[in-house]
Amino acid sequence: MKVKVQTLDAAAAGEVELNDAVFGVEPRTDILHRVVTWQLEKRRAPTRATRERSDVARTGKKFGRQKGGGTARHGDRKAPVFIGGGKAHGARARTFGHDLNKKVRALGLKMALSSKAKDGSLIVLDNLDVAEGKTKALVAHLAKLNLNAGNSRALFIDGDAVNVSFAKASANIIGVNLLPAVGANVYDILKADSLVLTRAAVEKLEARFNG
């Protein structure tokens, strides 16, 4: 699949051949749903466990007589009724994540990339260099690319590392998200209205699946 390459000024900069094994996979809703669910569950923070009676480090020595003391027959100081004792019916640690096969995760990412290529919302840029890292200059570039800042969400994916000037210029623009190629994920790609890849990002993503 051939896609035209543009500059940030929307000028032509050649073409790039996209690997059909990565950008030409037919999307399946069930696979995408499984991967997105897995991602969102992995983001959930687990509950902090409280220390119950068996978790408290206090003496286990019986400190009173069984009878005749006028108090309850406690066998140690770990009981919840004592200061420093264990918590009665405390919160338990829970993890919400579940395992997902690596092949399914890789397939989901391919399908997410392919869905953007299929519906025409994939843009390939030569690079993300912004003069002096100015936000005003980047806003003008986005307008030329028909990426209206604030009205739509655009995900930019670069190569090994994100472009410093672009990161600086886009830091306070609503709706613009920037990731390195290693951070490409199904949830962010599907959530974006437009997916913008650099030449370096295309190479890294294809190498990621073919390596």
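Just above, that's the structure.
In this convention, every chain numbers its residues from 1, walking through the sequence in written order. Only residues with pLDDT of 70 or above have their local features reported here, since the model is predicted, and side-chain atom pairs are shown and tallied only from 80 upward, although totals for entire chains, interfaces and linings are computed over all residues. To get the side-chain values, all heavy atoms of the structure are used, and hydrogens and water are removed first.

Student: In this structure, what is going on with the overall build of the chain? I would like to understand it.
Tutor: Helix and strand definitions here come from DSSP, where helices need a minimum of 4 consecutive H or I residues and strands a minimum of 2 consecutive E residues; each element is numbered from the N-terminal end. Check the secondary structure of the chain and you find seven helices and six strands. Its C-alpha atoms give the chain a radius of gyration of 27 Å, clearly above 17 Å, the size a compact globule of 211 residues would have. Dimensions of the chain, computed from C-alpha atoms along their principal axes, come out at roughly 95 × 40 × 30 Å. The rule is simple: take the accessible area with a 1.4 Å probe, protein chains only, and divide by the maximum for that residue type; under 20% is buried, over 50% is exposed, in between is partly exposed. Out of the 211 residues in the chain, the part that is buried amounts to 37%. We call two residues contacting when some pair of their heavy atoms lies within 4.5 Å. Partitioning the contacts of the chain with sequence separation of at least 6, the portion at a separation of at least 24 is 71%. Here the chain has roughly 12,600 Å² of accessible surface; of this, 50% comes from carbon and sulfur atoms. In this treatment the radius of gyration is a C-alpha quantity, and the globule benchmark scales as 2.2 Å times the residue count to the 0.38 power. Computed by Shrake-Rupley with a 1.4 Å probe, the accessible areas treat only the displayed protein chains as cover when residues are assessed.

Student: What is the right way to look at the pattern of salt bridges in this model?
Tutor: Pairs can form between side chains of opposite charge once their charged atoms are near each other. Just to be clear on terms, a salt bridge is a Lys or Arg side-chain nitrogen sitting within 4 Å of an Asp or Glu carboxyl oxygen. Within this structure, the stated rule accounts for eight salt bridges. Between Asp 188 and Lys 191 there is a salt bridge, with its nearest N and O atoms 4.0 Å apart. One end of the pair is Asp 188 and the other is Lys 191, both in helix H6 (residues 186-191) and three residues apart, which spans about a single turn. Look at Asp 188 and you get buried, because its relative accessible area is 14%. For Lys 191, a relative accessible area of 36% gives the class partly exposed.

Student: Can you walk me through the sheet that holds strand E2 (residues 12-17) in this structure?
Tutor: In any sheet, the strands associate via hydrogen bonds between backbone groups, in a parallel or an antiparallel arrangement. Criterion used throughout: strands pair if DSSP finds at least two bridges between them. The six strands are arranged E2-E1-E3-E6-E4-E5 in an open sheet whose pairing can be described as mixed. Strands at the two margins of the open sheet, each flanked by one partner only, are E2 and strand E5 (176-179). Neighbouring strand axes in the sheet, compared pairwise and without regard to direction, differ in orientation by 30° on average. As judged from the four bridges shared by strand E4 (residues 154-157) and E5, these two strands associate in the parallel manner. Within E5, the position partnered with Ala 154 by the bridge is Val 176. Helix axes are fitted only over the stretch in contact, all axes being lines through C-alpha atoms; the angle between N-to-C directions runs from 0 to 180 degrees. Here helix H7 (residues 199-210) sits on the sheet and contacts strand E1 (2-6), E2, strand E3 (122-125), E4 and strand E6 (194-198); the angle it forms with E6, its principal contact strand, is near 90°.

Student: What am I meant to see in the pairing of E6 here?
Tutor: Here is the key point about a regular strand: its side chains alternate between the two faces of the sheet. The buried fraction of E6 amounts to five of the five residues, a majority that puts the element mostly inside the structure. Examined bridge by bridge, E4 and E6 share four bridges and lie parallel to one another. Looking at E6, one finds that Phe 156 is bridged to Val 196.

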